[in-house]
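Results of the structural survey
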Amino acid sequence: MIYKRSSALFAEAEQVIPGGVNSPVRAFKGVGGTPIFVKEAKGAYLYDEDGNRLIDYINSWGPMILGHAYKPVVDAVVEKAQKGTSFGMPTQIETEIAQMAVNMVPNIDKIRFVNSGTEACMSAIRLARGYTGKDKIIKFAGCYHGHSDSFLIQAGSGASTFGTPNSPGVTQGTAKDTLLATYNDISSVNALIAANKDEIACIIVEPVAGNMGCIPPKNNFLEALRTVCDANGILLVFDEVMTGFRLAKGGAQELYGVYGDIVCFGKVIGGGLPVGAFGARHEIMNYLAPLGPVYQAGTLSGNPLAMAAGLAMLTSLNTDEGIFERLAEKTKYLHEGMSKVLEANNVVHTINRVGSMISVHFAEEAVNDFEGSAKGNNDTFKAFFHGMLHEGVYIAPSAFETWFITDALSYEDLDFTIKAIDTVSKQL
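What counts as what
Residues numbered from 1 in each chain as written. Predicted model: local features only at pLDDT ≥ 70, side-chain atom pairs only at ≥ 80, totals over all residues. Heavy atoms only, no water. Pairing = 2+ DSSP bridges. Helix = DSSP H or I, 4+ residues; strand = E, 2+ residues; numbered from the N terminus. Core = buried A, V, L, I, M, F, W, Y, C linked by side-chain atoms within 4.5 Å. Buried < 20%, exposed > 50% of the residue type's maximum accessible area, 1.4 Å probe, protein only. Contact = heavy atoms within 4.5 Å. Phe/Tyr/Trp six-rings, centres within 6.5 Å; stacked < 30°, edge-to-face > 60°. Expected span 1.5 Å × (residues − 1). Polar contact = N/O pair within 3.5 Å; in protein donor to acceptor, adjacent residues only side chain to side chain. Arc of directions from axis to C-beta. Disulfide = S-S within 2.5 Å. Axes fitted to C-alpha atoms, helices over the stretch in contact; angles between N-to-C directions. Parallel < 35°, antiparallel > 145°, perpendicular 65-115°, else oblique. Left-handed = near helix turned anticlockwise from the far one by under 90°. Nonpolar A, V, L, I, M, F, W, Y, C, P; charged D, E, K, R; others polar. 1 Å grid on protein atoms, 1.4 Å probe; cavity = no way out; pocket = protein on both sides within 12 Å on 5 of 7 lines; lining within 4 Å. Points joined across faces, edges and corners; volume = space filled by probe spheres on them.

Considerations on the sheet that holds strand 15 (residues 393-394)
As summarised here, the arrangement of the 4 strands in space is 1-2-3-15, forming an open sheet in which the pairing is mixed. The sheet is open, and its two borders are formed by strand 1 (38-42) and strand 15, each paired with just one other strand.

As for the sheet that holds strand 13 (residues 350-354)
On the basis of which strands lie adjacent, the open sheet formed by 3 strands has the order 13-14-16 and antiparallel pairing. The sheet is open, and its two edges are formed by strand 13 and strand 16 (403-404), each paired on a single side. Summarising the sheet, strand 13 and strand 14 (residues 357-361) pair through 5 bridges and their orientation is antiparallel. Within strand 14, the position partnered with N352 by the bridge is S359.

So, the nonpolar core
The biggest cluster of nonpolar side chains holds 61 residues, and the ones touching the most others in it are F140, I203, F245, I269 and L317. Broken down by element, this core gets its largest block of residues, 10 residues, from helix 10 (residues 304-319). Once residues lying within four places of it in the same chain are set aside, the contact partners of L317 are I65, L66, F245, K249, V268, I323 and F324. In terms of nonpolar packing, the next biggest core, distinct from the first, is built from 38 residues, I36, F385, M388 and L409 among them.

Re the packing of aromatic side chains
Aromatic ring pairs are reported here in terms of the distance separating the ring centres and the angle at which the planes meet. By the definition in use, this model includes 13 aromatic pairs. A ring pair is formed by F140 and Y183, whose centres lie 6.2 Å apart and whose planes are at 90°; its orientation type is edge-to-face. Of this pair, F140 sits in strand 5 (residues 136-140) while Y183 sits in the loop between strand 8 (178-181) and helix 6 (186-195), and the two are 43 residues apart along the sequence. Ring geometry for Y183 against F221: centres 5.2 Å apart, planes inclined by 65°, an arrangement best described as edge-to-face. Remark: F221 occurs in helix 7 (residues 221-232) and Y183 occurs in the loop between strand 8 and helix 6; sequence separation between them is 38 residues. The class for Y183 is buried, based on a relative accessible area of 1%. Judged by relative accessible area, F221 falls into the buried class, the value being 2%. Grouping aromatic residues by their ring pairs yields a cluster made of F28, F381, F385 and Y394.

Thoughts on helix 13 (residues 378-391)
The terminal C-alpha atoms of helix 13, which comprises 14 residues, lie 20 Å apart, in line with the 20 Å expected from a rise of 1.5 Å per residue. Here helix 13 has its buried residues at T380, F381, F384, F385, G387, M388 and L389. Residues of helix 13 that are buried sit in contact with strand 3 (53-56), strand 14, strand 15, strand 16 and helix 14 (411-425). Of the residues that open helix 13, the one with a side-chain oxygen 3.1 Å from the backbone nitrogen of D379 is N377. A positive backbone phi angle near 100° is found at G392, which sits one or two residues after helix 13.

Focus on helix 1 (residues 4-14)
Taken together, the buried positions of helix 1 are occupied by S6, L9, F10 and A13. Projected down its long axis, helix 1 carries its buried residues within an arc of 100°, all on one side. Opposite its buried face, helix 1 presents the exposed residues K4 and E12, each directed more than 90 degrees away.

Observations regarding the state of the cysteines
With the rule as written, the count across this model stands at 0 disulfides. Residue C121 stays outside any disulfide, its sulfur separated by 4.0 Å from that of C264, the closest cysteine. Here C143 stays unpaired: no disulfide links it, and the sulfur of C121, its closest cysteine neighbor, is 10 Å away. On the basis of relative accessibility, which here comes to 4%, the residue C143 falls in the buried class.

Examining the packing of helix 6 against helix 7
Close contact between helix 6 and helix 7 brings their axes to 10 Å; oriented N to C, the two are set at 15°. When the interaxial angle is binned, helix 6 and helix 7 end up roughly parallel. Every pair of crossing elements has a handedness; the one defined by helix 6 and helix 7 is right-handed. Within the contact between the two elements, helix 6 uses I186, V189, N190 and I193 and helix 7 uses F221, A224, L225, V228 and N232. Classifying every residue of the contact of helix 6 with helix 7 gives 7 nonpolar, 2 polar and no charged.

Observations concerning unusual backbone geometry
A cis amide bond, omega 15°, links A289 with the succeeding residue P290. Positionally, P290 belongs in the loop between helix 9 (282-285) and helix 10. With phi around 70°, F28 is a residue other than glycine that occupies positive phi space. Along the chain, the position of F28 falls in the loop between helix 1 and strand 1. In this structure F28 comes out as buried when scored by relative accessible area, which is 2%. In this structure, N59 takes a positive phi of about 50° despite not being glycine. Considering the arrangement of structural elements, one finds N59 in the loop between strand 3 and helix 2 (71-81).

Overview of the layout of surface pockets
The space that makes up the second largest pocket amounts to roughly 580 Å³. Forming the walls of the second largest pocket are 23 residues, and the residues nearest its centre are E94, R112, F113, S301 and G302. If you list the elements that add at least two residues to the lining of the second largest pocket, you get helix 3 (92-104) and strand 4 (110-114).

Here you go:
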């Protein structure tokens, strides 16, 4: 494929945008080469500025469950835009989508809309601290909760070691209140709690990790987190920015039967527009201003365009009884086909899958945490990425990202993808 137009656009963007992109992974630094500039998208396909068609497995990092330019969402946004794009005042549609979300998701009574998954997670942490009166939080290596200061922490070894910031601009004062545990390892959590008794406000976790590749919870990990939080007066925060409304109507909470105290959403809840949300039980949410002392605000929160898009998306997901089964079946089909051709071509790999999230790790052993994910052969992934791109299949330009399946994918698309994997794997 030819990418002359994309290359020229990237060179132009570099002159006025840091790194030529507005989110770092888009720059292709993890895989090399020049990023692809998208002109438009429809259904399961991207169309770039050079006229190439690509089967899309990023789907805007998750929200395009029903495909790009999904007509009910587009129609809702167009209709709402004709009546005004932002008011900074309450609108009825905010209540409509809030009622629907609360009815779909277990264990939340109220929800507040914000403008991104990052903002949702940041606000949830502030609420947890305000509600409990404690300062410290536990997060897990490899789980990404946005770029808020509290989350950009790399902790040292040892149960009581304070975190150190791994991004300039994050202060030591912030870092000391974030403790780092190992995903799928409840003993690492217990050690941190013991070393910081009565100081931890919450544990935040992706119930299915999606930012070190797809990694499911193992050995009743979520149940163990729920138990240890209950025993120690700690709030459990589920970051369902990726999993919410994707793995089931009620997200990972419904899928696994384990409930968080605060749940964060993004992506899907806005039908692909910039939006996020967080919800909890009455007594926790009532700690938010204007009812309570924890301040959180936003001029564009509950923006009518995002609310219209989100309501259209959730309505479709809520009324389509077969959607999640179809998504899981398509993902299983891809998994089995991909595994078959990789094995036939002697490519060392392991594949993780939950519902419509899937990732291939070029690693010898099962991948259950960030350390295991990091052992994957990145050179193999780079060659695989560019090979797939050449074949007309677009996956995330990072070995540490999940593939997202959309219902717009046909089985012909899946067969095309499996054939492309076969072609590429012969060259690895």
